[in-house]
Amino acid sequence: APPAPRLVGTAVRTHATPRRKTASAKSPTRATPAAPSRRPAAEERLVGFPLQRVYDLHTWINDGKRVTKAWLARHWGVSRSTVKRDLAFMRTRLDMPLEWDEARGSFIFTRPCEALPFLILTRREALVIALANRVCGGMFGPSFGDAYESILRKIAPVLGSSVSRAVAAMQHVHAPPAVRPGPGEFDLLLPILDAIEGRRVLQFTYTKPGTTKAEKRVVHPLDIGLLDTLLRLTAYDPARGDVRDFAFTRIRDLKPLDQIFDRPRDFDARRRIELSAGAHAGDEVHDIRIALDALAATYARERPWHATQALSPLPDGRTQLALRVSDLPGIKSRVLRWAGHAEVLAPTALRDELRRDLQAALRHYASSVALGSGTSQAPRINMQCPRPIG
């Protein structure tokens, strides 16, 4: 049988009764109002308690072993008075249904105790664990899903059946299969994190968008951002003298070097990410104003474009979307996605760039027949939503 997991506890014994201070003759005792009683949370009740003993006792009783104070003292290597105190703590502070059974000459559980008392999950919490596997597994590839399944198998005996029931319920939650080219992003996460924490220089090959030639990069890794569901490495590139973002999906031949770098003290990765509106992050902040029709405004209320978003009515009946971001490419992609339902009002540079992109797109659709299709008549397709929303 595999060895039981070792649960770590600290040496501070917060469950011990504190000593009372005696009033001195020089300082008379003052009456103070009693503090309202509050039952400590599970995390507070367990601070400093040896969790391994809780796990041992829970396992042994559920396995049907005969458990006595003397037997526990021998296995734990403590005195019987320590065992007595620990059992009282488990019974009164952790709500374990623990009682002495004279007929069996052993401690038993008076009611089913499937999961450890401080790790009992609600149905909502168990569903969060199961849903995280479904969502993140599709984002980061099969390696993440395999690791997550391994975690669930290990914690299921400790957490009880709540997790397995939640995982089974995920058969009713469906999503399109995610397709990620190249190695999984999750496989790069651990070595990149190790390089960030150890301040080690990284070397890899990188293929920029719109090109086919991979370039060698030697960078100082600073942080990792999750932008538009893609993991990106934020790193200082000494050859270019600037901070750049590298998509995990385009990184190949990753190799940590035996070189240590100094992390810049004024670098604020959190702010760069907070100001991003898509797959890019920058340092210059832009004030954006966009006019949305009724359809686009409805979705903007349900799925905000950015945390700084503010909606207000316009005189022509449309809705103004105002936000402050550093990611103009991300905003441009969102506007193009909504086509005729959104119009950029400011800044002028973004409006001009969108006009050029739309004019270039219109040239592709000047004819109803695609060039090189070999057909004289465009096929008819149904552009209506197959199942109306609502």
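Residues numbered from 1 in each chain as written. Predicted model: local features only at pLDDT ≥ 70, side-chain atom pairs only at ≥ 80, totals over all residues. Heavy atoms only, no water.

**Q** Help me understand helix 4 (residues 80–92) in this model?
**A** Counting along an α-helix, one turn takes 3.6 residues, and residues three or four places apart therefore face a common direction. With 13 residues, helix 4 should cover 18 Å at 1.5 Å per step; its first-to-last C-alpha distance of 18 Å lies within 8% of that length. Looking only at helix 4, the buried set comprises T82, V83, D86, L87, F89 and M90. Down the axis of helix 4, the sector holding all buried residues measures 160°, keeping them to one side. For helix 4, the exposed residues set more than 90 degrees away from the buried face come down to R80, S81 and K84. (Helix = DSSP H or I, 4+ residues; strand = E, 2+ residues; numbered from the N terminus. Expected span 1.5 Å × (residues − 1). Buried < 20%, exposed > 50% of the residue type's maximum accessible area, 1.4 Å probe, protein only. Arc of directions from axis to C-beta.)

**Q** Got a minute to help me understand the packing of helix 2 (residues 51–62) against helix 3 (residues 69–76) in this structure?
**A** Geometrically, a packed helix pair is captured by the angle between its two axes and the distance between the axes. Their axes nearest at 12 Å, the elements helix 2 and helix 3 cross at an angle of 130°. Here helix 2 lies oblique to helix 3, going by the angle between them. Crossing handedness for the pair helix 2 and helix 3: right-handed. Packed against helix 2, whose contacting residues are R53, D56, L57 and W60, the element helix 3 presents W71, L72, H75 and W76 at the interface. A per-class count over the contact of helix 2 with helix 3 returns 5 nonpolar, 1 polar and 2 charged. (Axes fitted to C-alpha atoms, helices over the stretch in contact; angles between N-to-C directions. Parallel < 35°, antiparallel > 145°, perpendicular 65-115°, else oblique. Left-handed = near helix turned anticlockwise from the far one by under 90°. Contact = heavy atoms within 4.5 Å. Nonpolar A, V, L, I, M, F, W, Y, C, P; charged D, E, K, R; others polar.)

**Q** Looking at this structure, how should I read the pattern of salt bridges?
**A** It is possible for side chains bearing opposite charge to pair when their charged atoms get close. Counting across every chain of the model gives 17 salt bridges. In this structure, D237 engages R217 in a salt bridge whose closest nitrogen and oxygen atoms are separated by 3.3 Å. Highlighted residues: D237 in strand 5 (residues 230–237) and R217 in strand 4 (residues 215–227), separated in sequence by 20 residues. Both residues of the pair, D237 and R217, count as buried. Here E353 ties to K332 by a salt bridge, and the two come within 2.9 Å at their closest N and O atoms. (Salt bridge = Lys/Arg side-chain N within 4 Å of Asp/Glu carboxyl O.)

**Q** Help me out: how do you make sense of the side chain of T234 in this one?
**A** Tracing the backbone shows T234 in strand 5. Among the polar contacts listed, one links the side chain of T234 to the side chain of D245, at a separation of 2.8 Å. Setting aside its immediate chain neighbours within four residues, T234 contacts P221, L222, D223, V243, R244, D245, F267 and R272. (Polar contact = N/O pair within 3.5 Å; in protein donor to acceptor, adjacent residues only side chain to side chain.)

**Q** Could you clarify how one ought to interpret the nonpolar core in this entry?
**A** Proteins that are soluble and globular tend to have nonpolar side chains buried together. Of all hydrophobic cores here, the largest spans 19 residues; its most connected members are L57, V67 and L72. Listing elements by their share of this core, those giving two or more residues are helix 2, helix 3, helix 4 and strand 2 (106–109). When near neighbours in sequence (up to four residues on either side) are disregarded, L57 contacts V67, L72, W76, L87, M90 and L98. Core analysis: the second largest hydrophobic core is formed by 18 residues, L323, W338, L350 and L354 among them. (Core = buried A, V, L, I, M, F, W, Y, C linked by side-chain atoms within 4.5 Å.)

**Q** Teacher, can you tell me more about the sheet that holds strand 5 here?
**A** Note: strands within a sheet are paired through backbone hydrogen bonds, in either parallel or antiparallel orientation. With antiparallel pairing, 5 strands are arranged side by side in an open sheet as 6-5-4-3-7. Every interior strand has two partners, whereas the edge strands, strand 6 (242–247) and strand 7 (251–260), have only one. With direction set aside, neighbouring strand axes in the sheet form an average angle of 45°. Lying over the sheet, helix 8 (residues 185–198) contacts strand 3 (200–206), strand 4, strand 5 and strand 7, oriented at roughly 100° with respect to strand 4. (Pairing = 2+ DSSP bridges.)

**Q** Just to check I follow, could you spell out the packing of helix 2 against helix 4 for this structure?
**A** Contact pair helix 2 / helix 4: the axes reach a minimum separation of 11 Å and the direction vectors enclose 80°. With respect to helix 4, the axis of helix 2 lies roughly perpendicular. Seen from helix 2, the contacting residues are R53, V54 and L57; seen from helix 4, they are T82, D86, L87 and M90.

**Q** Teacher, can you tell me more about the pairing of strand 6 here?
**A** When a strand is regular, its side chains alternate between the sheet's two faces. Here strand 5 runs beside strand 6; their pairing, made up of 6 bridges, is antiparallel. Of the residues in strand 6, the one forming a bridge with D237 is D242. In this antiparallel pair of consecutive strands, strand 5 and strand 6, the connection spans 4 residues, and G241 shows a positive phi of 65°.

**Q** Just checking my understanding: could you explain the sheet that holds strand 8 (residues 286–292) for this structure?
**A** Pairing in this open sheet of 4 strands is antiparallel, and the strands run 9-10-8-11 from one edge to the other. Of all strands in the sheet, those bounded by a partner on one side alone are strand 9 (310–313) and strand 11 (342–346). Pairwise comparison of adjacent strand axes, ignoring direction, gives a mean angle of 30° for this sheet. Pairing analysis gives 4 bridges linking strand 9 to strand 10 (residues 319–325), with the strands arranged antiparallel. Bridging across to strand 10, P313 finds its partner in T319. Where helix 12 (residues 348–364) meets the sheet, it contacts strand 8 and strand 11, and its direction lies at approximately 140° from that of strand 11.

**Q** Would you explain a nonpolar patch on the surface in this entry?
**A** Together, L131, V135 and V173 line one region of the surface with nonpolar side chains, adding up to about 200 Å² of accessible area. Considering the arrangement of structural elements, one finds L131 in helix 5 (residues 123–140). Given the relative accessible area of 38%, L131 is considered partly exposed. (Patch = residues over 30% accessible without salt bridge, like charges linked within 9 Å, V, L, I, M, F, W, Y side chains within 5 Å. Areas by Shrake-Rupley, 256 points an atom, 1.4 Å probe, with all protein chains shown as cover.)

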